[in-house]
Amino acid sequence: MWTITDLIPWAFALPPALWEFRNVWRRHGWILGACAGLIVFGGIFVWIYVVQQSAHNINYGALGVVQALGLLLGPLAAGIVITRRMGLAAGVFAGIATGFCVYVATATIGIGIYGE
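Below, the structure is looked at part by part. This is a predicted model, so every value here is computed, not measured.

1. Quick look at helix α1 (residues 4-28)
Phase 1 of the analysis: Over its 25 residues, α1 runs 36 Å from end to end, which matches the ideal 36 Å to within 8%, given 1.5 Å per residue.
Phase 2 of the analysis: Most pronounced at L14, the bend in α1 amounts to some 25 degrees, and the proline P15 follows within four residues.
Phase 3 of the analysis: Along α1, the positions that sit buried rather than exposed are P9, A13, A17, E20, N23 and V24.
Phase 4 of the analysis: Downstream of α1 by a residue or two, G29 has a phi angle that is positive, lying close to 110 degrees.

Structure below.
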């Protein structure tokens, strides 16, 4: 069954993806615009979904809070820095890479501490 919280990633990911599609489409054509829009949509969707799941599964106290905050702020900061220099699609790609690194680091620490 779908709930309203399942629609949150879609609602937040669609406007920036359409904006990036429009910007790239005007400069480089619709194929590259579609690729950039898909990168932005997929990256933001995954980012919001992972943060949601981390927030729902905070079973480990302080480590869970650190992981959720790291996944919320780390990709956002990397995305903002790269977006100013290159573009939104590149910023989202950098945010995905940063988020993956934060997730792996905090998951490894959690496995080391809790054994799960």
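2. Here's the deal with the nonpolar core
Phase 1 of the analysis: Counting 11 residues, the largest nonpolar core is built from A13, A17, V24, A36, V40, F41, I44, I48, L88, A89 and V92.
Phase 2 of the analysis: Secondary-structure elements contributing two or more residues to this core are α1, α2 (30-56) and α4 (88-114).
Phase 3 of the analysis: Sequence-distant contacts of V92, that is, excluding residues within four places in its chain, are made with I39, V40, G43 and I44.

3. So, a nonpolar patch on the surface
Phase 1 of the analysis: Taken together, V65, L69, L72, L73, L76 and I80 make up a surface patch of nonpolar side chains, about 490 Å² in accessible area.
Phase 2 of the analysis: If you trace the backbone, L76 turns up in helix α3 (residues 62-85).
Phase 3 of the analysis: Residue class for L76 comes out partly exposed when judged on its relative accessible area of 39%.

4. Digging into the packing of aromatic side chains
Phase 1 of the analysis: A complete count under the given rule lists five aromatic pairs for this structure.
Phase 2 of the analysis: Aromatic side chains W10 and F41 sit 5.3 Å apart centroid to centroid with 50 degrees between the ring planes, which places their arrangement in the tilted category. Of this pair, W10 sits in helix α1 while F41 sits in helix α2, and the two are 31 residues apart along the sequence.
Phase 3 of the analysis: Centre to centre, the rings of F21 and W25 are 6.2 Å apart; their planes meet at 5 degrees, and the pair counts as stacked. Pair noted here: F21 and W25 are both in helix α1, with a separation of four residues, about one helical turn.
Phase 4 of the analysis: By the ring-pair criterion, three or more aromatic residues cluster together here, those being W10, F41, F45 and Y49.

5. Regarding α4
Phase 1 of the analysis: Helix length check: α4, at 27 residues, gives a terminal C-alpha distance of 38 Å against a target of 39 Å (1.5 Å per residue), a fit within 8%.
Phase 2 of the analysis: Among the residues of α4, L88, A89, G91, V92, A94, G95, G99, T106 and G110 are the ones counted as buried.
Phase 3 of the analysis: At the C-terminal side of α4, G115 shows a positive phi close to 75 degrees.

6. Observations regarding the side chain of E20
Phase 1 of the analysis: Here E20 shows up in helix α1.
Phase 2 of the analysis: One buried charged residue, E20, forms no salt bridge at all, with the nearest opposite charge on R27 at 7.2 Å.

What counts and how
- Residues numbered from 1 in each chain as written.
- Predicted model: local features only at pLDDT ≥ 70, side-chain atom pairs only at ≥ 80, totals over all residues.
- Heavy atoms only, no water.
- Helix = DSSP H or I, 4+ residues; strand = E, 2+ residues; numbered from the N terminus.
- Expected span 1.5 Å × (residues − 1).
- Bend = angle between axes of the 7 residues up to and from the residue.
- Buried < 20%, exposed > 50% of the residue type's maximum accessible area, 1.4 Å probe, protein only.
- Core = buried A, V, L, I, M, F, W, Y, C linked by side-chain atoms within 4.5 Å.
- Contact = heavy atoms within 4.5 Å.
- Patch = residues over 30% accessible without salt bridge, like charges linked within 9 Å, V, L, I, M, F, W, Y side chains within 5 Å.
- Areas by Shrake-Rupley, 256 points an atom, 1.4 Å probe, with all protein chains shown as cover.
- Salt bridge = Lys/Arg side-chain N within 4 Å of Asp/Glu carboxyl O.
- Phe/Tyr/Trp six-rings, centres within 6.5 Å; stacked < 30°, edge-to-face > 60°.
- Lys, Arg positive; Asp, Glu negative; His and termini not counted.

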